[in-house]
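Next come the chains, spelled out residue by residue.
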Amino acid sequence: MTGLSLVHAGRPARGMTARGYGAWLGVLGLLLVWEALAHVVSGAFVLAAPTEILAYLVEDRGLVTRALGVTLGNAALGYVFGNLAAIALAALALLWPRSERIVTGLALLVYCLPLVATGPILRVLFGPGAGPQITLAALAVYYTTLIPLLVGLRAAPAGWFDLVRSYGRGRWSELVHVRLMASLPYLFAGLQIAAPAAFLGAMVGEFTGAERGLGVLTVRAIRALDVDMTWGVATVATAVAILAYVGLGMIARRFLRDAPPVILAAPASDTVRDSGSGWKAAIGVTVIALAGWALAFWVFDLNPFFAKGPMDVLDALLLAEDAGATRGTLAVALSETAVYLLPGYFAGLAAGAGLAMLLVLVPVIAGTAMPLAIALRSVPIVTTAPLVVLLLGRGATGTIVLVAVMVFFPTFVACLHGLRQAPGQVLDVFDSFAAGPVSRLVRVRIPAMLPAFFAAARMAVPASVLAVTVVEWLATGAGIGSLMAMSASLSDFDMLWSSVVLVAAISALGYALVGSVERRILRVYAPEQLT
Amino acid sequence: MAPDVTPPPEIICSGLAKTFDGRTEAVRPTDVTFHAGQTTALVGPSGCGKSTLLRMVAGLEAPSAGQLLIGGMPPAETLQNAALSIAFQDPSLLPWRTVRGNIALALSLARRPVDDAEIDQLISLVGLDGFAEARPAELSGGMRQRAAMARALVTRPGLLLLDEPFGAVDELTRHQLAQDLPRIWEARGTTTLLVTHSVTEAVLLSDRVIVLSPRPAEIIADIAIPLDRPRESGIERSPDFGDLTDAVYAALSRGMTLDRPPLAAQ
Ligand SMILES: Nc1ncnc2c1ncn2[C@@H]1O[C@H](COP(=O)(O)OP(=O)(O)OP(=O)(O)O)[C@@H](O)[C@H]1O
Ligand SMILES: [Mg+2]
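Worth saying up front: this structure is predicted, and the values here are computed from it rather than measured. (Residues numbered from 1 in each chain as written. Chains lettered and ligands numbered in written order. Predicted model: local features only at pLDDT ≥ 70, side-chain atom pairs only at ≥ 80, totals over all residues. Heavy atoms only, no water.)

So, the pattern of salt bridges
For step 1, the next point in the chain: Applying the stated criterion across every chain, the model contains 15 salt bridges over all chains.
For step 2, the next point in the chain: Residues E174 of chain A and R179 of chain A are paired through a salt bridge, measuring 3.2 Å at the closest nitrogen-oxygen approach.
For step 3, the next point in the chain: Judged by its relative accessible area of 10%, E174 of chain A is buried.
For step 4, the next point in the chain: The partner of R208 of chain B in a salt bridge is D222 of chain B, and the shortest N-O contact between them spans 2.8 Å. A residue pair is termed long-range when its members are at least 10 positions apart, and R208 of chain B in strand β8 (residues 208–212) and D222 of chain B in strand β9 (residues 219–224) qualify at 14 residues.
For step 5, the next point in the chain: What makes R208 of chain B buried here is its relative accessible area of 9%.
For step 6, the next point in the chain: Residues participating in the shared-partner salt-bridge network are D162 and R165 of chain A together with R55 and E61 of chain B. (Salt bridge = Lys/Arg side-chain N within 4 Å of Asp/Glu carboxyl O. Buried < 20%, exposed > 50% of the residue type's maximum accessible area, 1.4 Å probe, protein only. Helix = DSSP H or I, 4+ residues; strand = E, 2+ residues; numbered from the N terminus.)

Considerations on a negative patch on the surface
Residues and elements named next belong to chain A.
For step 1, the next point in the chain: A cluster of acidic residues, D315, E321, D322 and D492, forms a negative patch on the protein surface.
For step 2, the next point in the chain: Secondary-structure assignment places D322 in the loop between α13 (310–319) and α14 (323–361).
For step 3, the next point in the chain: Residue classification places D322 among the partly exposed residues on the basis of a relative accessible area of 47%. (Patch = residues over 30% accessible without salt bridge, like charges linked within 9 Å, V, L, I, M, F, W, Y side chains within 5 Å. Areas by Shrake-Rupley, 256 points an atom, 1.4 Å probe, with all protein chains shown as cover. Lys, Arg positive; Asp, Glu negative; His and termini not counted. Charge placed at Lys NZ, Arg CZ, Asp CG, Glu CD.)

Focus: the site of ligand 1
Residue and element names in this part refer to chain B.
For step 1, the next point in the chain: If you check the shell around ligand 1, you find 13 residues, and the closest are S46, G47, K50, S51 and T52.
For step 2, the next point in the chain: Here an oxygen atom of ligand 1 sits 3.3 Å away from a polar atom, N or O, in the side chain of R215.
For step 3, the next point in the chain: In the complex, the protein chains occlude 65% of the 630 Å² of accessible area that ligand 1 would expose alone.
For step 4, the next point in the chain: For the shell around ligand 1, the element with the most residues is helix α1 (residues 50–57), which contributes three residues. (Near = heavy atom within 4 Å. Polar contact = N/O pair within 3.5 Å; in protein donor to acceptor, adjacent residues only side chain to side chain.)

Observations regarding the environment of R229 of chain B
Residues and elements named next belong to chain B.
For step 1, the next point in the chain: One can find R229 in the loop between β9 and α8 (239–256).
For step 2, the next point in the chain: On the accessibility criterion, R229 (30% relative accessible area) is partly exposed.
For step 3, the next point in the chain: Distance in space between the C-alpha atoms of R229 and S198 is 20 Å, their sequence separation being 31 residues.
For step 4, the next point in the chain: Not counting the four nearest positions on each side in its chain, R229 is found in contact with T39, E186, L205, S206 and D207. (Contact = heavy atoms within 4.5 Å.)

Notes on the interface of chain A and chain B
For step 1, the next point in the chain: At the junction of the two partners, chain A supplies 16 residues and chain B supplies 25 residues.
For step 2, the next point in the chain: For the pairing of chain A and chain B, the buried interface totals around 1900 Å² over both sides, and the portion due to carbon and sulfur atoms is 61%.
For step 3, the next point in the chain: On inspection of chain A and its partner chain B, the count reaches one salt bridge.
For step 4, the next point in the chain: The partner of R55 of chain B in a salt bridge is D162 of chain A, with the nearest N and O atoms 2.7 Å apart.
For step 5, the next point in the chain: At the junction of chain A with chain B, the criterion picks out five residue pairs in polar contact (both at pLDDT 80 or more).
For step 6, the next point in the chain: Of all the elements in the fold, those that place two or more residues in the side of chain A that touches chain B are α7 (158–166) and α8 (171–207) of chain A.
For step 7, the next point in the chain: For the side of chain A that touches chain B, the element with the highest residue contribution is α7 of chain A, accounting for seven residues.
For step 8, the next point in the chain: Tallied by class, residues from the side of chain A that touches chain B come to seven nonpolar, five polar and four charged. (Buried area = accessible area lost by both parts, 1.4 Å probe. Nonpolar A, V, L, I, M, F, W, Y, C, P; charged D, E, K, R; others polar.)

Topic: the coordination of the magnesium ion (ligand 2)
Residue and element names in this part refer to chain B.
For step 1, the next point in the chain: All of the protein donors around the magnesium ion (ligand 2) are S51 (OG) and Q89 (OE1); their distances to the metal are 1.9 to 2.3 Å. Here the residue S51 occupies a position in helix α1, and Q89 occupies one in the loop between β5 (84–87) and α3 (99–109), the gap between them amounting to 38 residues.
For step 2, the next point in the chain: The class of Q89 is partly exposed, set by a relative accessible area of 37%. (Donors = N, O, S within 2.8 Å, 3.2 Å for Na, K, Ca; no water.)

Brief notes about the packing of helix α2 (residues 50–59) of chain A against helix α3 (residues 61–95) of chain A
Residue and element names in this part refer to chain A.
For step 1, the next point in the chain: Packing of α2 against α3 leaves a shortest axis separation of 5 Å and a crossing angle of 80 degrees. Taken together, the axes of α2 and α3 lie roughly perpendicular to each other. Contacts between α2 and α3 pair Y56, L57, V58 and E59 from the former with R61, L63 and V64 from the latter. (Axes fitted to C-alpha atoms, helices over the stretch in contact; angles between N-to-C directions. Parallel < 35°, antiparallel > 145°, perpendicular 65-115°, else oblique.)

Side note on the environment of M203 of chain A
For step 1, the next point in the chain: Looking at the secondary structure, you find M203 of chain A in helix α8.
For step 2, the next point in the chain: Distance from M203 of chain A to T218 of chain A, taken between C-alpha atoms, is 8.9 Å for residues 15 residues apart in sequence.

Side note on the nonpolar core
For step 1, the next point in the chain: Membership of the largest hydrophobic core comes to 132 residues, with the highest contact counts inside it found for Y143, L214 and L474 of chain A.
For step 2, the next point in the chain: Considering each element in turn, this core owes the most residues, 18 residues, to helix α19 (residues 437–476) of chain A.
For step 3, the next point in the chain: Residues within four places of L474 of chain A in sequence aside, it is in contact with F207, V219, I222, A385, P386 and R394 of chain A.
For step 4, the next point in the chain: I119, L162, L181 and I235 of chain B belong to the second-largest nonpolar core, a separate cluster that totals 94 residues. (Core = buried A, V, L, I, M, F, W, Y, C linked by side-chain atoms within 4.5 Å.)

Shown next, in the form of structure tokens:
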């Protein structure tokens, strides 16, 4: 999952509290219900009981361990490369501020590439080996590290920079004495989100034609309709992702004195001041992206059968004899995808914001819900896609639910945090007028929540596109994800590249669209956010 | 003790003015000279432009009109030589550094060797004994301001700019600091500009009190304080002291009722 708005939960209490016992009892109860349910529906081939999962994992432990080792290795390499790239890009933007818009714009565009189609393309470009998986893992993490890092490098109060300047020192001292240290919590938060994301990226890379790894086992299990194996592999993937997230959190807490409560979302502010230069930046990004693409094509002298340049795609979409048919196929696929994507996206947003508001009206639960939601948000939902498909079928319901879940958690966490951000003094003023909880919610808390909500909504665009294309690729047999899968296996590279370009462009446009709605609404409700 | 690094400068403002974003006029064109080695207090109502004036002298804010010379040089030059220190209204301590680390930071920023003995001496002078290794989050607001004060003093600046340095300090400690700290900059002959909301403090600590009008700041009184130094505790109850504070109060209230032509752009 790729929720960017992140909140540090407080340190876990040491020792076992009553609530700790309660949580374990809850987990135990859940397992029992799960077990019972699995036996009730055992004829339907959808749900494996915990004992069956365990039995599978014990029996095939050699296979699973080897696959896990491969995937972990790829994920780790991708994690390192992706984060190094993020740090290098942040350094570039910092040293040369005028490049920042272009850097973040290009980074977003690359982040919007549909991993499921980038995988097969990379596979033919790289040849056999782990290259594509590692690259996809790197692609899955660099953006979620870059954005918080850029925020963190700028997060310091103006007074700290005044201090440095008052001794006649310049940007270098600012960087060394202020920015680096001030950005550490943000960097660690990014690195923490990146851990499960790298694992997810490696697995998606393996979905698309690797020889070994957990992703390969997943595909095999789905094809064989092996319920125990599907659940077993998904359980391992989920557990590893959560452990990676928790482990990095522990390392971060060792490094950082105290985890400050920060919300990490790419601020809308940069693009807010003048949308005119936003357009210029967008055009600049597009031009540079096209030029870079054409240049790479030319420099690496790629095989024109499977590597397509901008002109090839233009040709396939507009000029070739069968361009009309290609466009028709793409339009049908995209409209099928829209039917899954849009309801899922909006349902996820509505559920996340709605539940957060509900919880704020019942504050007792909110304290418990937050850590739980943060933990669940770390689960790479896409690795559980096979399960959702098993449970809810290959039709629309399963896909929509998966997209909704993917959007739900980051939105929920961001909104809950935003709602609690409401300035205490303002709330006190409302108290003094004896305003009811609903009035407080509407007049103080929701405006305070809007920036976080929109930041989450923006980041959810690429995330939900990733979710929908993965499910379509794996299971649904409809939509653009399935079209990409088919084109890859039929070696229809014109179609594959065209789909990649279209999906990335639509995803980036969606992101920009949410951003522009965000600006309009914030201008009215939270103008102070726009500075 | 190491020799003073920089001699105290004279500050000449001619026609110095600041307007923010072409709209908010904060400081009206001002001609004033702050004499070398003197302590000048600036008093005026909240929001009148005191911090803005100080920040212009510190080179942190560019004047929108007029000229500023510090020891005959433009502020940028003074900055380059690390010849001034400013204690901000908000202490601006780096949260990941200890009190000692924050004070030492000023020395490294000023490219001076870090002298632990001197840092300890200053920590004790501002009454933070035992807190050298504490982080800002573990200090009260007043303690943070005192740490920021020690940081401002440690580089032995020729020009010291203090923006309400005791704003969050309790009455008793404030009194003690008002006794102890001036001895440092008086002994060094530092040129000091002190922004304060306390008229008593202004008269007690300075050689001259400048009273500013409500925003945009304009000088409405320039009152010399001819009291002998060192000023012993109890001087506040002397008749001379009372006359001087009365004069400052009178100027302040004159400022509040000042009838000024409406501002062109506001
Ligand atoms: N960076 C800025 N941008 C725009 N306006 C500013 C800025 N800094 C200060 N101002 C305005 O200039 C005026 C003077 O501010 P300044 O901080 O100098 O007041 P002050 O006298 O120090 O007040 P206080 O005693 O409350 O600290 C205020 O009206 C303030 O709103
Ligand atoms: Mg001020």
